[in-house]
Amino acid sequence: MTEHKPIVLQTRSLTADVEARLLKEFEVLRCSDKNRPQQGELQALAARAEAICPTVVDRIDEALLQAGQRLRIIANFGVGYDNIDVAKARELGIMVTNTPDVLTESTADLAMTLLLMVARRAGEGERLCRSGRWTGWEPTQLLGRDVSGKTLGLVGFGRIAQAVASRAYHGFGMRILLHTRSRVDPDVLERYGARQCSELNELLTASDFVSLHCPSTAETRHLIDSDALRQMGPSTALINTARGNIVDEAALAIALKNGTLGAAGLDVYEREPSVHAGLFDLENVVLLPHLGSATEETRSAMGHRMVDNLVEFFAGRPPRDRVT
Ligand code: DGY
């Protein structure tokens with residue numbers, strides 16, 4: 001008699017080692033386009049699956065959850081899970097897990113990459129070299145700003161924000177401010193020489209760089225709106241590696257164009273993969289295509305963490321990263 005393997009719907013291509021492990025442990029269903037699954041096909045396959053392992057850009061909405069009559073677990077490939085209707089999953093008794101910890105360092109690295117690129121005008125410099133119009137070194141060419149001694153304001157203070165604080169404070173000699181709802185332990189503040197601002201406004205007006213690290217929720221949608229951008233002002237740069245909809249992207253494009261905000265470094269967008277057209281012509285913005293966790297090591301570690309959660313669940317043990 002052949003052993004029953006749980007049926008898992010894999011929405012997109014993953015690293016080879018993770019795909020091999022999924023195939024070993026489970027019966028795997030895949031969409032015909034392994035990189036751009038259509039919602040209709042996902043829904044049809046969900047009806048046959050006991051588990052789905054979506055990525056952060058696959059929409060696991062009410063219709064899909066209702067279609068998945070046999071679904072028992074959604075094991076998200078990613079730490080953010082705003083792609084999933086968690087309330088509906090809970091109501092239907094479907095467990096949700098995510099992949100925290102393993103992407104902390106690479107995402108913090110990317111936030112620092114954006115911060116440095118923005119401060120040193122690296123995007124502009126790269127475009128100049130590629131254009132063939134660079135005429136040589138000049139004492140006043142493409143002058144950026146030092147980061148050492150500057151103030152970095154962190155909005156949210158979870159794992160990734162703390163990893164950014166560590167890099168910025170210990171590696172670059174920056175002053176750290178943070179704003180988060182809960183009170184941060186004084187020992188943790190001391191680790192990063194950080195000060196907690198009780199009001200967001202205080203952080204926005206006092207920072208040279210503001211980096212976003214809060215989750216995407218109804219409360220954080222457009223947290224950085226035109227008013228917040230005005231408070232940051234012309235000498236401040238905004239860095240976003242969290243979620244696009246925390247920032248009002250149209251207001252951001254206007255603020256960058258008018259110079260009421262100094263600069264921005266973005267890895268995430270309100271309506272990915274679409275990027276607000278007003279940003280394309282601006283020199284004072286660096287645009288990356290959601291690369292936060294995109295290293296071989298991290299994407300593999302995320303996949304294994306996701307498979308671990310599935311294996312534990314189907315073995316009848318509590319998965320490590322249960323969200324609901
Ligand atoms: C996540 O896991 O939430 C990231 O956005 C993926 O890079």
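Shown above is the structure to which this text applies.
Thoughts on the site of the ligand
Right, on to step 1. Within the structure, the ligand sits among V56, G78, V79, G80, L103, R243, H290, S293 and R299.
Right, on to step 2. For the ligand, an oxygen atom lies 2.7 Å from a polar atom in the backbone of V79.
Right, on to step 3. A distance of 2.7 Å separates an oxygen atom of the ligand from a polar atom in the side chain of S293.
Right, on to step 4. Here the shell around the ligand is built from residues that sort into 3 nonpolar, 4 polar and 2 charged.

Considering unusual backbone geometry
Right, on to step 1. The linkage connecting E272 with the following residue, P273, adopts the cis geometry, with an omega of 5°.
Right, on to step 2. In this structure, P273 sits in the loop between strand 11 (263-266) and strand 12 (285-287).
Right, on to step 3. We note that L142 has phi near 45°; this positive angle belongs to a residue other than glycine.
Right, on to step 4. On the secondary structure map, L142 appears in the loop between helix 6 (122-131) and strand 6 (151-155).
Right, on to step 5. Among the residues examined, L142 registers a relative accessible area of 28% and is labelled partly exposed.
Right, on to step 6. Positioned with a positive phi, H222 is a non-glycine residue whose angle comes to about 55°.

Side note on the nonpolar core
Right, on to step 1. L22, L152, F157 and M306 are the most contacted members of the largest nonpolar core, which has 50 residues in total.
Right, on to step 2. Per element, the largest residue contribution to this core is 8 residues, and it comes from helix 5 (residues 104-119).
Right, on to step 3. Non-local contacts of F157, meaning those with residues more than four positions away in its chain, are made with Q162, A165, L178, T180, V184, V188 and Y192.

Thoughts on the sheet that holds strand 3 (residues 51-53)
Right, on to step 1. With parallel pairing, 5 strands are arranged side by side in an open sheet as 2-1-3-4-5. A single partner strand is all that each edge strand has here, and the edge strands are strand 2 (27-30) and strand 5 (95-97). Adjacent strand axes in the sheet meet at a mean angle of 20°, parallel and antiparallel pairs treated alike.
Right, on to step 2. Sheet topology places strand 3 next to strand 4 (residues 73-75); 2 bridges connect them, and they run parallel. Among the inter-strand pairings, A51 is bridged to a residue of strand 4, identified as I73.
Right, on to step 3. Strands in contact with helix 1 (residues 16-25) are strand 1 (7-10), strand 2 and strand 3; relative to strand 2, the strand with the most contacts, it is inclined by about 125°.
Right, on to step 4. Helix 2 (residues 39-46) contacts strand 1, strand 2 and strand 3 of the sheet and is inclined by roughly 170° relative to strand 1.

Focus: the side chain of D58
Right, on to step 1. Here D58 is to be found in the loop between strand 3 and helix 3 (62-67).
Right, on to step 2. Under the relative-accessibility criterion, D58 is labelled buried at 2%.
Right, on to step 3. Reaching out from D58, the side chain makes a polar contact with the side chain of T11 at a distance of 2.5 Å.
Right, on to step 4. A polar contact of 2.8 Å, which involves the side chain of D58, links it to the side chain of R12.

Topic: the environment of G123
Right, on to step 1. Topologically, G123 is positioned in helix 6.
Right, on to step 2. Considered as a pair, G123 and G78 are 45 residues apart in the sequence and their alpha carbons are 28 Å apart.

Digging into helix 12 (residues 296-314)
Right, on to step 1. For helix 12, with 19 residues, the first-to-last C-alpha span of 27 Å sits near the 27 Å given by 1.5 Å per residue.
Right, on to step 2. Of all the positions in helix 12, only T298, S300, M302, G303, R305, M306, V307, N309, L310 and F313 are classed as buried.
Right, on to step 3. Along its buried surface, helix 12 packs onto strand 1, helix 1, strand 3, strand 4, strand 5 and helix 5.
Right, on to step 4. Directly after helix 12, the chain includes G316, whose backbone phi takes a positive value near 85°.

Some thoughts on helix 2
Right, on to step 1. Listed as buried for helix 2 are L42, L45 and A46. Along helix 2, the residues classed as buried sweep out an arc of 105° about the axis, all on the same side.
Right, on to step 2. Buried residues belonging to helix 2 abut strand 1, strand 2, strand 3 and helix 3.

A closer look at the pairing of strand 7 (residues 175-179)
Right, on to step 1. Burial analysis of strand 7 places 4 of its 5 residues in the buried class, which makes it a mostly covered element.
Right, on to step 2. When strand 6 meets strand 7, the two strands line up parallel, connected through 5 bridges. Along strand 7, the bridge assignment pairs G153 with L177.
Right, on to step 3. This β-α-β element, strand 6 to helix 7 (residues 159-172) to strand 7, shows right-handed connectivity.
Right, on to step 4. Where strand 7 lies against strand 8 (residues 194-196), 3 bridges are found, and the strand directions are parallel.

Thoughts on the packing of aromatic side chains
The description of an aromatic ring pair uses the distance of the two centres, along with the angle that the planes make with each other.
Right, on to step 1. Per the stated rule, a full pass over the model turns up 3 aromatic pairs.
Right, on to step 2. Centroid distance F313 to F314: 5.1 Å. Interplanar angle 90°. Geometry classified as edge-to-face.
Right, on to step 3. Here F313 falls in the buried class, since its relative accessible area comes to 14%.
Right, on to step 4. One aromatic cluster in this structure is built from F26, F313 and F314.

Brief notes about the sheet that holds strand 12
Right, on to step 1. In spatial order, the strands read 8-7-6-9-10-11-12; together these 7 strands make up an open sheet with parallel pairing. Both edges of this open sheet fall to strand 8 and strand 12, since each of them pairs with a single strand only. Strand-to-strand twist in this sheet, taken as the mean axis angle between neighbours without regard to direction, amounts to 15°.
Right, on to step 2. Sheet analysis places strand 6 next to strand 9 (residues 209-212), joined by 4 bridges and oriented parallel. Along strand 9, the bridge assignment pairs L152 with F209.
Right, on to step 3. Across the face of the sheet, helix 11 (residues 249-258) comes into contact with strand 10 (237-240), strand 11 and strand 12 while running at roughly 140° to strand 11.

What counts, and where the lines are drawn
- Residues numbered from 1 in each chain as written.
- Predicted model: local features only at pLDDT ≥ 70, side-chain atom pairs only at ≥ 80, totals over all residues.
- Heavy atoms only, no water.
- Near = heavy atom within 4 Å.
- Polar contact = N/O pair within 3.5 Å; in protein donor to acceptor, adjacent residues only side chain to side chain.
- Nonpolar A, V, L, I, M, F, W, Y, C, P; charged D, E, K, R; others polar.
- Helix = DSSP H or I, 4+ residues; strand = E, 2+ residues; numbered from the N terminus.
- Buried < 20%, exposed > 50% of the residue type's maximum accessible area, 1.4 Å probe, protein only.
- Core = buried A, V, L, I, M, F, W, Y, C linked by side-chain atoms within 4.5 Å.
- Contact = heavy atoms within 4.5 Å.
- Pairing = 2+ DSSP bridges.
- Axes fitted to C-alpha atoms, helices over the stretch in contact; angles between N-to-C directions.
- Expected span 1.5 Å × (residues − 1).
- Arc of directions from axis to C-beta.
- Right-handed = clockwise from strand over helix to strand, strands pointing away.
- Phe/Tyr/Trp six-rings, centres within 6.5 Å; stacked < 30°, edge-to-face > 60°.

Functional significance is not addressed by these values, which are geometric in nature.
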